[in-house]
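Summary of structural features
Chain by chain, the residues run as shown.
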Amino acid sequence: MNVNEHQEPQDQGADDAQVNTGPALDAGGVPEAAIPELVIISGMSGAGRSTAAKCLEDLGWFVVDNLPPALIPTMVELGARSQGNVARIAVVVDVRGRRFFDNLRESLADLAAKHVTRRIVFLESSDDALVRRFESVRRPHPLQGDGRIVDGIDAERELLRELRGDADLVIDTSSLNVHELRAKMDAQFAGEEEPELRATVMSFGFKYGLPVDADLVADMRFLPNPHWVPELRPFTGLNEEVSAYIFNQPGAKEFLDRYAELLRLVAAGYRREGKRYVTIAIGCTGGKHRSVATSEKLAARLAAEGVETVVVHRDMGRE
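Conventions we followed
Residues numbered from 1 in each chain as written. Predicted model: local features only at pLDDT ≥ 70, side-chain atom pairs only at ≥ 80, totals over all residues. Heavy atoms only, no water. Buried < 20%, exposed > 50% of the residue type's maximum accessible area, 1.4 Å probe, protein only. Helix = DSSP H or I, 4+ residues; strand = E, 2+ residues; numbered from the N terminus. Arc of directions from axis to C-beta. Contact = heavy atoms within 4.5 Å. Expected span 1.5 Å × (residues − 1). Pairing = 2+ DSSP bridges. Axes fitted to C-alpha atoms, helices over the stretch in contact; angles between N-to-C directions. pLDDT = per-residue confidence, 0-100. Phe/Tyr/Trp six-rings, centres within 6.5 Å; stacked < 30°, edge-to-face > 60°.

Considerations on helix α3 (residues 72-80)
Turning to α3, its buried residues are I72, P73, M75, V76, G79 and A80. Axial view of α3: buried residues confined to an arc of 160°, hence all on one face. Its buried side turned inward, α3 meets β1 (37-43), β2 (62-65), β3 (88-92) and α5 (104-113).

Here we look at helix α12 (residues 290-304)
Between the first and last C-alpha of α12 there are 21 Å, a value that for 15 residues agrees with the 21 Å anticipated at 1.5 Å per step. Turning to α12, its buried residues number three or more, namely R290, S291, V292, A293, T294, S295, L298, A299 and L302. Tucked inside the fold, the buried residues of α12 contact β6 (198-205), α10 (240-247), α11 (252-272), β8 (277-284) and β9 (308-313). Downstream of α12 by a residue or two, G306 has a phi angle that is positive, lying close to 90°.

What about the sheet that holds β6?
One open sheet accounts for 4 strands, arranged β7-β8-β6-β9; its pairing is parallel. Two strands lie at the open edges of the sheet, namely β7 (216-219) and β9, each paired on one side alone. Shown here is a sheet whose adjacent strand axes are inclined to one another by a mean of 20°, direction ignored. Of the strand pairs in this sheet, β6 and β9 are connected by 6 bridges, and their pairing is parallel. Within β9, the position partnered with T200 by the bridge is V310. Sheet strands in contact with α11 are β7 and β8, and its direction is about 175° off that of β7.

Side note on the confidence of the model for the chain
Interpreting fine coordinate detail is not advised for predicted regions of low pLDDT. On average, residues of the chain score 83 in pLDDT, and 86% of them reach the 70 mark or higher. Ignoring residues within four places in sequence, the model shows residues 1-29, a span with pLDDT below 50, making 133 contacts including any to other chains.

Notes on the packing of aromatic side chains
Using the criterion set out here, one finds 4 aromatic pairs in the structure. Ring geometry for F222 versus F255: centroids 5.6 Å apart, planes at 55°, classification tilted. On the criterion of sequence distance, the pair formed by F222 in the loop between β7 and α10 and F255 in helix α11 is long-range, its members being 33 residues apart. Note on F255 and Y259: the rings are 5.3 Å apart at their centroids and 10° apart in plane angle, and the pair reads as stacked. Highlighted residues: F255 and Y259, both in helix α11, separated by 4 residues, approximately one helical turn. With a relative accessible area of 10%, Y259 lands in the buried category.

Structure (structure tokens):
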């Protein structure tokens, strides 16, 4: 498992969380159907809580990191009063809030009294794996004090022993990488639906530099440049005449068809690897004509296939 991505603990929840059919949260008459699902993610520091939390966030959960346990019932009540806007809450509880940690059992009892069913996910890992991760990022264990990393791990393991015993799901990340942990979380919480992929399609000009956040880059400079057509030069790729000129060129429509097909293949792989966001950069010389028109066409294709898509024209208007 990648140490850097698992160093900071986080708490998450599971989609298996259910709500009992008891009374509402309080005398104010909150409908039981409005009570959100609740998942509590805890476990050993460095075992992957941050990755687990991010996975749930990508799946649409409202994630709160390091919330004092005494405030968990309040958070659930606020979610119940959100008119359905907060239907699933994941709370990360860890030793960073250790002075509040003794309140967790009291909060869980309070939730049970209010007929809120919760699920606890516990991230576990071997001592050897945890030591390697802390050493790789050169950070102390939050409980080691003046001692060694292993002393902090021992203290934390003892502190969390009872919570681990109450956990509904224990995931041992000793030999898991980030993608494998995300796959386990997806299997528990994504249900039968495939995790959603969100795409940003960005046009840009090569003369202004490559986008540093691009996952994929396509070069449209193989097509004639409308800049050299006097009647088209003042316009951008958003103009219908410019777009028509570009896609009437040999190879333009074929490129769009084949690149869209390639993206379908890549998107399926991204989903399997737990990647939720992709930035597709489409470039031409100045980022005004060819890249803009192609980005618009490609984004429309992706949106039609159910991919949540945003279009950004980075360099349009810079000339």
